[in-house]
Amino acid sequence: MQKILGVAVSLISLLAPSQVNSQRIPQPWVSVGVNDSDPTFALGARAINWGVELGTGADGATGVDVLKFIRAPIVSPYVGLGLYSADKGVAVSGGVQVGATDNVFVGVGYNTVRGINGQVGVRF
């Protein structure tokens, strides 16, 4: 009986909707990276566990990625899809953001067009 109760409480805590009051204000970030020794840049914002990132890559490719964040207590992994110009087409991205302080977070990610990138952002 204790095992069943433990499993039930665990499932309820995992599946219960969480409050998103703290994410009503978007959390912006900047990103700098490298792909094939070319610098890449991006600006992004996250709200209610969804994000959007506008970036530039090699050969003047410019595009936008839509990101889905997985809510976790300290670390927030994400996956995303984007569309880029300059015949780059569809991009796939993924990464993780970690809270460094109450108001600052850092991250690392990979995008098939923009390569490996580092991120720094703020929470209001």
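Attention in this report is confined to the structure presented alongside it. Keep in mind that this is a model prediction, so the values were computed, not measured. Going along each chain's sequence as written, the residues are numbered from 1 onward. It should be noted that, the model being predicted, local features are given only for residues of pLDDT at least 70 and side-chain atom pairs only at 80 or more, the latter also being counted only at that level, while totals for whole chains, interfaces and linings use all residues. Values shown for side chains rest on all heavy atoms present in the structure; no hydrogens or waters enter the calculation.

1. Quick notes on the pattern of salt bridges
By definition, a salt bridge exists where a carboxyl oxygen of Asp or Glu is found within 4 Å of a side-chain nitrogen of Lys or Arg. Scanning all chains against the criterion turns up three salt bridges. One salt bridge connects arginine 114 with glutamate 53, and the closest N-O pair in it is separated by 2.8 Å. A residue pair is termed long-range when its members are at least 10 positions apart, and arginine 114 in the loop between strand E7 (104–111) and strand E8 (115–122) and glutamate 53 in strand E3 (residues 50–56) qualify at 61 residues. Glutamate 53 shares its class with arginine 114; the two are buried. Close ionic contact of aspartate 65 with arginine 114 constitutes a salt bridge, the shortest N to O distance being 3.6 Å. With aspartate 65 in strand E4 (residues 62–69) and arginine 114 in the loop between E7 and E8, this residue pair connects regions lying 49 residues apart in the sequence. Of the residues examined, arginine 114 reaches a relative accessible area of 1% and is grouped as buried. Salt bridges linked by common partners bring Glu53, Asp65 and Arg114 together as one network. Runs of E in the DSSP output that reach at least two residues are strands. Runs of H or I that reach at least four are helices, and both are numbered from the N terminus. Between buried and exposed lies partly exposed: a residue is buried under 20% and exposed over 50% of the maximum accessible area for its type, with that area taken using a 1.4 Å probe on protein chains only.

2. With respect to the pairing of strand E6 (residues 89–99)
In this analysis, strands are considered paired if DSSP registers two or more bridges between them. Examined bridge by bridge, strand E5 (residues 75–84) and E6 share ten bridges and lie antiparallel to one another. Opposite tyrosine 84, over in E6, you have glycine 89 as the bridge partner. Hairpin connection, E5 to E6: the antiparallel pair is bridged by four residues, and alanine 86 has positive phi, about 60°. Here E6 folds back onto E7 in antiparallel fashion, the turn holding four residues.

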